[in-house]
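If you want the building blocks of each chain, they are given just below.
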Amino acid sequence: MIGYLFLVLLLAAAVGYVMNRATARAAIAGGSARFHSLAGFHGAYALLLTGLPAVLFVLLWLLLQGSVIDSIVIGSLPETEMAGLDAGRLSLIEAEIKSIARGNIFGTPEPWKLEAAERYNSLRSIASVALWVATLAIAAVGLYVARSRISPEFRARHRVEAITTWLMIACSVLAIFVTFGIVASLIYESIRFFDKVPITEFLFGLNWEPQIALREDQVAGAGAFGWVPVFLGTIVITTVALVVAVPIGLLSAIYLNEFASSRIRSISKPILEVLAGVPTVVYGFFAILVVAPAIRSAGAALGIDVAPNTALAAGGVMGIMLIPFISSFTDDALSAVPRALRDGSLALGATRGETVRKILFPAAIPGIVGGVLLAVSRAIGETMIVVMAAGLIATLTVNPLDSVTTVTVQIVTLLIGDSEFDNPKTLAAFALGLMLFIVTLALNLIALRFVRKYRELYD
Amino acid sequence: MTDLASSAPQRIDWSDAELRKRLARRHSGDKWLKFAGIAALAISFSMLGILVLSLVSNGFAAFTQTHLKLEFEISADRVSAEDPAAGNYRAIVRDAMLGLFPEVTSRADQREIANIPSNGAQYILRDRVVADPALIGTRVTLSVPVSDPYDQLAKGLVDRKTPEANRRVNDQEIAWFDRLEEKGLVSKPLNTGLITNADSRFPELAGLRGAILGSFYALLVCFLISFPVGIAAAIYLEEFAPKNKLTDTVEININNLAAVPSVVFGLLALAVFIGWFGLPRSAPLVGGMTLALMTLPTIIIATRAAVKAVPPSIREAALGIGASKHQVVFGHVLPLAMPGILTGTIIGLAQALGETAPLLLIGMNAFITQAPGGILDSSTALPTQIFIWADSPERGFVSRTSAAICVLLVFLILMNALAVVLRKRFERRW
Amino acid sequence: MNKTITAEAQIASNIVSAKISARKVNVFYGDTHAIKDVSIEILDRSVTAFIGPSGCGKSTFLRCLNRMNDTIDICRVEGTIELDGHDIYDASVDPVQLRARVGMVFQKPNPFPKSIYDNIAYGPKIHGLAQSKADLDGIVESALRRAALWEEVKDRLAAPGTGLSGGQQQRLCIARAIATAPEVLLMDEPCSALDPIATAQVEELIDELRKSYSVVIVTHSMQQAARVSQKTAFFHLGLMLEYDDTSKIFTNPDHEKTQAYITGRFG
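Please read all numbers here as calculations on a predicted model, not as lab measurements. (Residues numbered from 1 in each chain as written. Chains lettered and ligands numbered in written order. Predicted model: local features only at pLDDT ≥ 70, side-chain atom pairs only at ≥ 80, totals over all residues. Heavy atoms only, no water.)

A. Representation of the overall build of chain A in the model. Of regular secondary structure, chain A possesses 16 helices and two strands. Here the C-alpha radius of gyration of chain A, 31 Å, is well above what a compact globule of 459 residues would show, namely 23 Å. Along the three orthogonal principal directions, the C-alpha set of chain A runs to about 85 × 75 × 40 Å. The contacts in chain A between residues at least 6 apart in sequence include a share of 73% that link residues at least 24 apart. Averaged over its 32 positive side-chain charges, chain A has a centre that lies 16 Å from the centre of its 31 negative ones. (Helix = DSSP H or I, 4+ residues; strand = E, 2+ residues; numbered from the N terminus. Rg over C-alpha atoms; globule rule 2.2 N^0.38 Å. Contact = heavy atoms within 4.5 Å. Lys, Arg positive; Asp, Glu negative; His and termini not counted. Charge placed at Lys NZ, Arg CZ, Asp CG, Glu CD.)

B. Spatial organisation of the interface of chain A and chain B. Across the contact, 78 residues belong to chain A and 72 residues belong to chain B. At the boundary of chain A with chain B, total buried surface from both sides reaches about 6500 Å², with 80% on carbon and sulfur atoms. Three residues, Met168(A), Tyr255(A) and Phe285(A), lead the burial of chain A against chain B; their summed loss comes to 10% of the area buried on that side. At the boundary of chain A with chain B, the tally comes to one salt bridge. For the salt bridge of Glu354(A) with Arg26(B), the shortest nitrogen-to-oxygen distance reads 2.6 Å. At the junction of chain A with chain B, the criterion picks out ten residue pairs in polar contact (both at pLDDT 80 or more). Considering every element that reaches the side of chain A that touches chain B, the biggest residue donor is helix α6 (residues 156-196) of chain A, with 19 residues. (Buried area = accessible area lost by both parts, 1.4 Å probe. Salt bridge = Lys/Arg side-chain N within 4 Å of Asp/Glu carboxyl O. Polar contact = N/O pair within 3.5 Å; in protein donor to acceptor, adjacent residues only side chain to side chain.)

C. Geometry of the interface of chain A and chain C. Each partner contributes to the interface: chain A provides 21 residues, whereas chain C provides 23 residues. Carbon and sulfur atoms make up 63% of the area that chain A and chain C hide from each other, which totals about 1600 Å². Contact with chain C buries area across many residues of chain A, yet Leu341(A), Ala347(A) and Leu348(A) alone supply 34% of it, more than any other trio. Residue Asp343(A) is joined to Arg63(C) by a salt bridge in which the shortest nitrogen-to-oxygen separation is 3.9 Å. Scanning the region where chain A abuts chain C turns up five residue pairs in polar contact (both at pLDDT 80 or more). Only α12 (339-347) and α13 (352-381) of chain A provide two or more residues apiece to the side of chain A that touches chain C. Of the residues belonging to the side of chain A that touches chain C, the class tally is nine nonpolar, seven polar and five charged. (Nonpolar A, V, L, I, M, F, W, Y, C, P; charged D, E, K, R; others polar.)

D. Spatial organisation of the domain arrangement of chain A. Split into domains, chain A comes out as domain 1 (2-187) and domain 2 (224-454). Placing the centre of domain 1 of chain A and that of domain 2 of chain A at their C-alpha centroids yields a distance of 44 Å. (Domains from an automatic or database assignment.)

E. How the structure looks around the UniProt feature "domain: ABC transmembrane type-1" (unreviewed entry) in chain B. Taking the UniProt record as the reference, the feature "domain: ABC transmembrane type-1" (unreviewed entry) is found at residues 212-419 of chain B. End C-alpha atoms of residues 212-419 of chain B are separated by 21 Å, and the span's content is 77% helix alongside 0% strand. (UniProt positions renumbered as here; feature names shortened; annotations may be inferred.)

F. Structural view of the nonpolar core. Ile182(A), Trp208(A), Tyr283(A), Ile411(A) and Leu208(B) are the most contacted members of the largest nonpolar core, which totals 189 residues. Tallying contributions element by element places helix α9 (residues 209-240) of chain B first for this core, with 16 residues. Leave out the neighbours within four places in its chain, and Trp208(A) touches Phe202(A), Ala224(A), Phe225(A), Gly226(A), Trp227(A), Pro229(A), Val230(A), Ala394(A), Gln410(A), Leu414(A), Ala428(A) and Leu432(A). Counting residues in each nonpolar core, the second largest holds 50 residues, with Trp14(B), Ile116(C), Leu185(C) and Val228(C) among its members. (Core = buried A, V, L, I, M, F, W, Y, C linked by side-chain atoms within 4.5 Å. Buried < 20%, exposed > 50% of the residue type's maximum accessible area, 1.4 Å probe, protein only.)

G. The sheet that holds strand β10 (residues 239-245) of chain C, seen in detail. All names here are of chain C. With mixed pairing, six strands are arranged side by side in an open sheet as β6-β7-β8-β3-β9-β10. Because the sheet does not close on itself, it has two edges, and the strands there are β6 (102-105) and β10. Across this sheet, the average inter-strand angle for adjacent strands is 15°, counted without regard to direction. For β6 and strand β7 (residues 184-188), the ladder comprises four bridges, and the chain directions are parallel. Each bridged residue has a counterpart across the sheet, and for Gly103 the counterpart in β7 is Leu185. (Pairing = 2+ DSSP bridges. Axes fitted to C-alpha atoms, helices over the stretch in contact; angles between N-to-C directions.)

H. Structural detail: the packing of α9(B) against helix α16 (residues 382-391) of chain B. All names here are of chain B. Axis separation between α9 and α16 bottoms out at 8 Å; the angle between their running directions is 145°. Of the residues in α16, those touching α9 at Ala211, Ile212 and Ser215 are Leu382, Pro383 and Gln385. Taken together, the residues of the contact of α9 with α16 break down into four nonpolar, two polar and no charged.

I. Quick peek at the confidence of the model for chain A. Counting all residues, the mean pLDDT for chain A is 87, and 94% of those residues have values of 70 or more. Taken element by element, chain A is modelled with least confidence in helix α3 (residues 79-82) of chain A, mean pLDDT 73, and with most confidence in helix α8 (residues 228-259) of chain A, mean pLDDT 95. (pLDDT = per-residue confidence, 0-100.)

J. Region of interest: the sheet that holds strand β2 (residues 32-43) of chain C. All names here are of chain C. Here we have four strands laid out as an open sheet, ordered β2-β1-β4-β5, and antiparallel in their pairing. Pairing within the sheet leaves two strands with one partner each, and these edge strands are β2 and β5 (86-87). Taken together, the two bridges between strand β4 (residues 75-83) and β5 define a ladder with antiparallel strand orientation. The partner of Glu82 across the bridge, within β5, is Asp87.

K. Representation of the packing of aromatic side chains within the structure. The full count for this structure, using the stated rule, is 22 aromatic pairs over all chains. Between Phe202(A) and Trp227(A), the aromatic rings sit 5.9 Å apart at their centres with planes inclined by 20°, giving stacked as the arrangement. Of this pair, Phe202(A) sits in helix α7 (residues 199-204) while Trp227(A) sits in the loop between β2 (224-225) and α8, and the two are 25 residues apart along the sequence. We classify Phe202(A) as buried; its relative accessible area is 0%. Accessibility expressed as a relative area gives 9% for Trp227(A), which makes it buried. Considering the side-chain rings of Phe223(B) and Phe227(B), the 4.8 Å spacing of their centres and the 20° angle between planes classify their relative orientation as stacked. Of the two residues, Phe223(B) and Phe227(B) both sit in helix α9, four residues apart, roughly one turn of that helix. Among the residues examined, Phe227(B) registers a relative accessible area of 14% and is labelled buried. Feature note: the residues Phe193(A), Phe194(A), Phe202(A), Trp208(A), Phe225(A), Trp227(A) and Phe231(A) constitute an aromatic cluster, connected by ring pairs. The side chain of Arg201(B) reaches across the aromatic face of Phe367(B), ending 3.8 Å from its centre. The residue whose ring lies beneath Arg176(C) is Phe112(C), and the NZ or CZ to ring-centre distance is 4.2 Å. (Phe/Tyr/Trp six-rings, centres within 6.5 Å; stacked < 30°, edge-to-face > 60°. Lys NZ or Arg CZ within 6 Å of the ring centre and 35° of its normal.)

L. Empty space enclosed by the protein, seen in detail. Residue and element names in this part refer to chain B. Tallied over the entire structure, the rule returns six cavities of 30 Å³ or more. Size it by volume and the largest cavity reaches roughly 60 Å³. What lines the largest cavity is simply Ala61, Ala62, Asp148, Asp151, Gln152, Lys155, Pro203, Glu204, Gly396, Ser399 and Arg400. The set of elements that each furnish at least two residues to the lining of the largest cavity consists of α6 (148-154) and α17 (396-426). Here the lining of the largest cavity is composed, by residue class, of three nonpolar, three polar and five charged. When we break the lining of the largest cavity down by domain, the ones giving at least three residues each are domain 1 (66-189) and domain 2 (209-426). (1 Å grid on protein atoms, 1.4 Å probe; cavity = no way out; pocket = protein on both sides within 12 Å on 5 of 7 lines; lining within 4 Å. Points joined across faces, edges and corners; volume = space filled by probe spheres on them.)

M. Just the pairing of strand β1 (residues 67-73) of chain B, in detail. All names here are of chain B. Note that β1 and strand β2 (residues 139-145) share seven bridges and pair antiparallel. Bridge pairing in β2 links His67 to Pro145. Bridge count for β1 against strand β3 (residues 186-187) is two bridges, and the pairing is antiparallel. In the strand pairing of β3, Leu68 is matched with Val186.

Now the structure itself:
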């Protein structure tokens, strides 16, 4: 339905373009006066005026339509039925009404629900008609205005260019809006969470047991929301990942940069990039299919008790994922050290290795540190590997053989299959998300500063 | 100059034993560093090798599917001509199986035998009869998939030597199946169902059609949003933006967005798109919008690099003959930068294709047995389907998961290859 | 062929002992033949200048003398180069040790991003030339004195070497090369990045260094070659066309190309 609307708008805009261009062309050919702008710009002006406001209107309408209709329907429900209902019950009723409206009737719903469903459907069809009428009206007005503006003096080119400039500015500012949206949604939901769970308990609590009862008759724990063990688990897995990734990444970059022939370099680098291009869900599956069983049997052979989803498996695989990341940052940093320094060291009789260790590496350290910090941020934010291979239970431990959970694992498990926005369990995910965002943002900013400073050093 | 400078410097006796020993030590230190580098590289490569090998060897089993050729009697008392869809096809399949083993009389054994073909065999038969009601009252020969345990058995994935209690098929069941094989009723054709079927509870019937379409729709939405917006933003920042605080803020913002964890985008989508705007859960539309936000920085960065690579001489030439800044940018610079922009876009889309976490949060991990018909239908995507299958306990899903990963990787390789070809083909030297 | 014979005749006529003698050296960069049949005897305790138009191979040849060309993958060197009668391309020769004996100073000053002290101490440390801290201090001081930099930096040895002025940086690099007690100093256009005053200081220094070392300097400036060197070799298109006393080259060259070059008719 909406697809057709856009199609019609596109058509209208195209028609506007052709009409205006033809008119302008005829006027120019008539030679009555010298036109400021080419006919094409008059056409483009009509195109923008016809299409743009209408499209923006449709988008705005679509964004608001759902919630407006919902609130009208909910508002018109009988007062008697609504008295004393909490938000959870209300959203259940809302879902039921919508499902009835779609024709899926289970059991025998109360008549007022059927009535509401009917109202819902009629509102929707009214809205749909209204949208079509309003949109086409806007397009028509736009077209009319554009047609009436064709004249030799009218600066169509300037207008068109001004509009495109503003469009481009809007697109650039979208990036800010996204960040703003992230921050706003995380903070908003987190504040609701901290209404139910004190912020001090969240930040300093040593217990994380979010499996609380959703209904009174369910048997479950009271619920505890202290993020310390979850964060500790994240750190354990990140540490394991870095222990794997940093030495391997550094050494392979040093080898490729200093010792390898150009042939080996040209083969090895793309292979490392492949490692970086593998989706994380694939790494997650690799961890549970191959790595975790291998670690367990190795542990059994050594007589060590290893948890089924040990932090070693998730962390180790995450480390593999990060190898290309570290190695490419190190490679860039080493290559950025001026050749003159390398030559100077070699000319003094230093070996390749001594040159790397004593001259290149210290000079490249800021760049490498920046890369490692970005890798840490990646590891903390990495989700699929840990969701699949790490544990669900938050334990206060630093033993990598144990099963630990991470911030991202908890976010995903808390939100999968549950969309009630009003219980602490769901909101806790947003509080965790906020912490995750803050930590990774800080790491990224510091890392970018390191990298930038380093670039300035040798540019 | 000082006296010292003109006096003869001391000469070093390089043949000195101490210095020679030191030299040997230094060289061996170098060798160790080199060796460690080779070892590190070897570890990375072997990990990639193990990854690919384990996926292919595991997924290999899922590229074929064991089928059983059965003769079904579509009797009129089981299926009525008025409503062929409502027939008792389950009983027909059961009869067809039992007809092959007339000597089996115990009810428990009969039930086991009826379980050899897939649970979905009745629906395949039903669809066939619904499509051609003339079949009612005749006998139909049809190849149907066998259920997962027998599929594993036929592919040799069940070790017959393991104790009976640890096997999913017991000795009696193996004997029955062997008889079917002797009769030549068992075949292992290419598993086209993997691509053409939608998801299912039964591994032998589960396919990726829904996931592939879901990913396609999501990427389409992602492309339609991120491509124009990304190019517009990049061109503004690169060509038009004044150098001021606001521009700096936008730039820092874009760089930071590129490093925000993907799961946070999922939270944003859940709270804003679904929570505030009330868009449908599990829909490729929301998935695509979320992926678009994540792809945007990649496209912006690639576009800026491509635009920057267009030499100023071309701009100056166009400006020199009286073109406006807009005409120069849209008429000359943008077309010249297009190959680079497209390359960056394809790479960004390939990344988006592999993204999983944000799609989980917006519910694209639902169990949906129907392929989506549009961007508003509930759907899964390839990576989330992999996640669902990896989470499923049935043994048959292990090889399906690996096979699904292989399919995903093939798509990724194709996209990246396209990007490489584009880059090679249109690479310009100014 | 004629030119090579002339060069060999000149070598034979030299009575003073040769520090480096190169015979029929050919250098290839991949498929490019960069140096063709160059033979030369470089004397001890004197300054030898390599001149010639850019791209003539003089720097390439210089880099053969301490095997710096080894660090370039595609570079191949043929012929023999002897240092004190021993072939430096012999398998038994360690290029690492050779480079301590044949120091090199580059076109652009390239101090390490370390302190002045550590810049000088780098070579002696890696080669193990100092037994103690006091030893090392002595080496650093004497190298800086020889490079005529001591007075300027003795109070700020811990300051970064990159903080010095261009001329000071280049003298620091010379001091750094001297610190490993080399016998030969190779200088690849050491003054091309310096201002006239710094150039004069470095040239004065080169003249001093001649008393203790064999110095080979590649230069673009013919005045510089005339000022600092005793012997001059003229390179053109990978060939060494002429090698003789500097005074002879600049007043009465044998080869017409040399004549043309020094009078500024091409270059």
